[in-house]
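Read off the chains here:
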Amino acid sequence: MTDISSRALPIDDDLATVDHAIRTGHMIGGQWIESDETFETRSPLNWDSGPLANVSRGDAKIAAAAVGAAVNGFEVWGSWTAHQRAEVLHRLADLITENTDEIAALETLDMGFMQESMRARLVGRGAVNFRLYADLVVEHAERAWNAKNMDHTVQRMPAGPAVVITPWNAPFMLSTWKLAPALAAGNSVIHKPAEWSPLTAGILADLAQQAGMPPGAYNLVQGIGSEVGAALVADPRVRRITFTGSPETGRHIGHAAAENLVPFTAELGGKGPLVVFADADLEAAAHRAAWQFDDSGQVCLAGTRILVEESIRDQFMERFNHHANALVLGDSRRSDTDIGPVVHPIHLERIQSFVDRAVAEGGRIVRGGSPVEGSLHYQPTLIEPASNNAEIVQREVFGPVLTFQTFSDEAEAVQLANSTAYGLSAMVWTTSSERANRVGRSIRAGLVWVNTFLVRDLTAPFGGCGISGIGREGGDHALDFHSDLKTLMILDDTVS
Ligand code: NAP
Ligand code: MG
């Protein structure tokens, strides 16, 4: 622990809920169904005030019923034209926009996300995800050409029921990101949200139904990953699995997918490098580096390994601390707060155990290193590791914990950037165009940003290398994944 810390504001005790009715059940074949067994979800804003909701705990029977409904729903939805599906998806986007405040308020309560950020950014992005795929699927031109005396046409056939499994961080936005291409492609879906933040999935299912999704095209199953999630991915009637979460769960799901020979995509964790060269706009780089504590570091894309050219070490550190000191920890619903709590006490303990092991391995805590007493906030933490092999450098913490290392030249920067088993994203800060291209092209990651972060054109591919994932989503890549591509060949001069 050091005396460099960010300010912490108190949390209001009153957890006023939201206008929208909280759905706690499963939506199967267009019907809301409750299970007798439940699990509770609490608010990280005020953990001790008891459960926000008791949510239906699906089991193997519920999973089988949901897949059965999705098989029937696919018969209808999969036979609609792209225009018909696009109309419903645009209506769903409109409904999301109309319900922005309720969605943002509920997600903030359920997982602690900053409410204004949800309202201004993430819910809108959810609507955009549906609009983008509605438009892409309509605009899609089938590839057609003549070769070997045949007309060749490549057709995208909807694949069948798709299981969509999402994690607890940014649950609403990530769910829309994965559901939109599946539905646009003509697949029926069974969504299984995370146990720690299940509530906004109920609003989304409600809105999907209101938008005119036929019964069984859109199904929601609540419950525990190892129970209902495992049953869903093992069902041989499922034709696609798309998963975002940890590498550990990704392996389990990969086994199930292999058993049934089902294509799956896995968006997994990250340990992104944030590389700052001496020629960089230092102020912009240090500001961005300090903002990697955003969302309490519960961001897969975050640049959590800060790598700075040795010659600018002190200047960088001074500016970084200046910006990190200005971050205000507090109630995610308040506009004067920058950083909310972490999602769950178990996660807080996990973060602390990473920091404890980093120290035991010889790491030096530069700032932070402990929770804020009496809340689920964790102090923005910077650690100088004893070596690049230290666990704190090599494994994803998924909390507000960054590491700081220096390099002496470009070759060492690239070598350090590529030195973990992950490869999701990276950031490079330099004002040299040659270096931007050289280093950007040498880094092994699905996404590399130079002098910026997070924003990308949504038609670009998204995904990770190494243990950060399998497959690519985004734009046409996701539509191809959710389709069975067929090549139709008709011999010249045999039809008229
Ligand atoms: P997780 O523990 O892997 O869980 C993800 C989802 O899988 C949850 O819905 C979970 O249910 C379910 N699940 C667990 N075991 C399962 C099984 N055997 N079969 C089927 N489903 C199962 O991940 P998390 O802790 O929620 O999320 C954090 C991780 O997600 C981090 O590693 C983060 O980097 C990664 N992430 C990656 C991206 C990306 O785009 N690359 C984006 C966001 C997050 P329960 O909740 O009930 O366990
Ligand atoms: Mg919760």
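From a predicted model like this one, the values you see are computed outputs, not experimental measurements. (Residues numbered from 1 in each chain as written. Chains lettered and ligands numbered in written order. Predicted model: local features only at pLDDT ≥ 70, side-chain atom pairs only at ≥ 80, totals over all residues. Heavy atoms only, no water.)

Draft legend 1. Focus on a nonpolar patch on the surface. Where nonpolar side chains cluster on the molecular surface, the patch consists of Leu488, Ile490 and Val495 and spans about 260 Å² of accessible area. With respect to the helices and strands, leucine 488 occurs in strand S22 (residues 483–491). (Patch = residues over 30% accessible without salt bridge, like charges linked within 9 Å, V, L, I, M, F, W, Y side chains within 5 Å. Areas by Shrake-Rupley, 256 points an atom, 1.4 Å probe, with all protein chains shown as cover. Salt bridge = Lys/Arg side-chain N within 4 Å of Asp/Glu carboxyl O. Helix = DSSP H or I, 4+ residues; strand = E, 2+ residues; numbered from the N terminus.)

Draft legend 2. Seen up close, unusual backbone geometry. Located in the positive-phi region is lysine 148, a residue other than glycine, with phi close to 50 degrees. Looking at the secondary structure, you find lysine 148 in the loop between strand S6 (143–147) and strand S7 (150–158). Residue lysine 148 is classed as exposed on the basis of its relative accessible area, which comes to 74%. Even without glycine at this site, aspartate 295 takes up a positive phi of about 55 degrees. By the element assignment, aspartate 295 lies in the loop between helix H9 (282–290) and strand S14 (303–309). (Buried < 20%, exposed > 50% of the residue type's maximum accessible area, 1.4 Å probe, protein only.)

Draft legend 3. How the structure looks around the domain arrangement of the chain. For the chain, the assigned domains read domain 1 (16–269 + 463–487) and domain 2 (272–423 + 425–450). Taken over C-alpha atoms, the centre of domain 1 sits 30 Å from the centre of domain 2. Across the contact, 25 residues belong to domain 1 and 28 residues belong to domain 2. Interface area for domain 1 against domain 2, summed over the two sides, is near 2200 Å², with a carbon-plus-sulfur share of 66%. Remark: the boundary between domain 1 and domain 2 carries 0 salt bridges. One can count 7 residue pairs in polar contact (both at pLDDT 80 or more) joining domain 1 with domain 2. If you list the elements that add at least two residues to the side of domain 1 that touches domain 2, you get helix H3 (100–111) and helix H4 (115–139). Of the residues in the side of domain 1 that touches domain 2, the class split is 14 nonpolar, 9 polar and 2 charged. (Domains from an automatic or database assignment. Contact = heavy atoms within 4.5 Å. Buried area = accessible area lost by both parts, 1.4 Å probe. Polar contact = N/O pair within 3.5 Å; in protein donor to acceptor, adjacent residues only side chain to side chain. Nonpolar A, V, L, I, M, F, W, Y, C, P; charged D, E, K, R; others polar.)

Draft legend 4. Structural view of the coordination of the magnesium ion (ligand 2). The magnesium ion (ligand 2) binds to the protein through Thr41 (OG1), Arg42 (O), Asp110 (O), Asp110 (OD) and Trp196 (O), with metal-donor distances spanning 2.4 to 2.5 Å. When the donors of the magnesium ion (ligand 2) are listed by position in the chain, the intervening gaps give T-R-x67-D-x85-W. On the basis of relative accessible area, threonine 41 is assigned to the buried category, the value being 2%. (Donors = N, O, S within 2.8 Å, 3.2 Å for Na, K, Ca; no water.)

Draft legend 5. Local environment of the nonpolar core. Core analysis: the biggest nonpolar cluster contains 97 residues, and Ile96, Phe130, Met213, Tyr218, Val276, Phe316 and Phe320 have the highest contact counts within it. Top element by residues in this core is H4. It accounts for 10 residues. Among the domains, domain 1 (16–269 + 463–487) and domain 2 (272–423 + 425–450) are the pair contributing at least three residues each to this core. Residues contacting methionine 213, with those up to four places away along its chain left out, are Trp77, Val88, Leu89, Leu92, Leu183, Ala208 and Tyr218. (Core = buried A, V, L, I, M, F, W, Y, C linked by side-chain atoms within 4.5 Å.)

Draft legend 6. Structural context of the packing of H3 against helix H6 (residues 200–211). Between H3 and H6, the least distance of the axes is 9 Å, while the angle of their chain directions is 155 degrees. Between H3 and H6, the angle is such that the two are roughly antiparallel. For the pair formed by H3 and H6, the contact residues are Glu102, Ile103, Leu106 and Glu107 on the first element and Thr200, Ile203 and Leu207 on the second. By residue class, the composition of the contact of H3 with H6 is 4 nonpolar, 1 polar and 2 charged. (Axes fitted to C-alpha atoms, helices over the stretch in contact; angles between N-to-C directions. Parallel < 35°, antiparallel > 145°, perpendicular 65-115°, else oblique.)

Draft legend 7. How the structure looks around the pattern of salt bridges. A full pass over the atoms with the stated rule returns 23 salt bridges. Glutamate 116 is the salt-bridge partner of arginine 119, the closest N and O atoms lying 3.2 Å from each other. Remark: glutamate 116 and arginine 119 occur in helix H4; sequence separation between them is 3 residues, near one turn of the helix. Note that aspartate 476 is salt-bridged to arginine 156, the shortest N-O span being 3.5 Å. Separated by 320 residues along the polypeptide, aspartate 476 in helix H15 (residues 475–481) and arginine 156 in strand S7 bring together distant segments of the chain. Here the salt bridges do not stand alone but share partners, grouping Asp279, Glu410, Glu434, Arg435 and Arg438 into one network.

Draft legend 8. How the structure looks around the packing of helix H1 (residues 60–77) against helix H7 (residues 225–234). Contact geometry of H1 with H7 gives a least axis separation of 8 Å together with a crossing angle of 40 degrees. Between H1 and H7, the angle falls in the class oblique. The interaxial crossing formed by H1 with H7 has right-handed handedness. Contacts from Ala60, Ile62, Ala63 and Val67 of H1 reach H7 at Val228, Ala231 and Leu232. Across the contact of H1 with H7, the residue classes break down as 7 nonpolar, no polar and no charged. (Left-handed = near helix turned anticlockwise from the far one by under 90°.)

Draft legend 9. Geometry of the packing of aromatic side chains. Counted under the stated rule, the structure contains 9 aromatic pairs. Between tryptophan 168 and phenylalanine 398 the ring centres are 5.3 Å apart and the planes differ by 70 degrees, which places this aromatic pair in the edge-to-face class. Linking tryptophan 168 in the loop between strand S8 (162–165) and helix H5 (171–184) with phenylalanine 398 in the loop between helix H12 (391–394) and strand S18 (401–407), this pair joins segments that are 230 residues apart in sequence. No difference in accessibility class separates tryptophan 168 from phenylalanine 398, as the two residues are buried. Residues tryptophan 449 and phenylalanine 453 carry aromatic rings whose centres are separated by 5.4 Å and whose planes lie at 75 degrees to one another, so their mutual orientation is edge-to-face. The two residues tryptophan 449 and phenylalanine 453 agree in class, both being buried. Taken together through their ring pairs, the aromatic side chains of Phe293, Phe316, Phe320 and Phe404 make up a single cluster. (Phe/Tyr/Trp six-rings, centres within 6.5 Å; stacked < 30°, edge-to-face > 60°.)

Draft legend 10. Seen up close, the layout of surface pockets. Counted as a void, the largest pocket has a volume near 1000 Å³. Among the secondary structure elements, those contributing two or more residues to the lining of the largest pocket are H7, strand S11 (240–244), helix H8 (247–260) and helix H11 (345–360). Residue contributions to the lining of the largest pocket peak at 7 residues, all from H8. Here the residues of the lining of the largest pocket are counted per class, giving 17 nonpolar, 12 polar and 8 charged. Summarising the domain contributions, the lining of the largest pocket has at least three residues from each of domain 1 (16–269 + 463–487) and domain 2 (272–423 + 425–450). Arg121, Leu122, Met173, Leu301 and Leu454 are, among the 31 residues lining the second largest pocket, the residues nearest its centre. If you list the elements that add at least two residues to the lining of the second largest pocket, you get H4 and H5. Classifying every residue of the lining of the second largest pocket gives 18 nonpolar, 5 polar and 8 charged. Here the lining of the second largest pocket spans two domains, since at least three of its residues come from each of domain 1 (16–269 + 463–487) and domain 2 (272–423 + 425–450). (1 Å grid on protein atoms, 1.4 Å probe; cavity = no way out; pocket = protein on both sides within 12 Å on 5 of 7 lines; lining within 4 Å. Points joined across faces, edges and corners; volume = space filled by probe spheres on them.)

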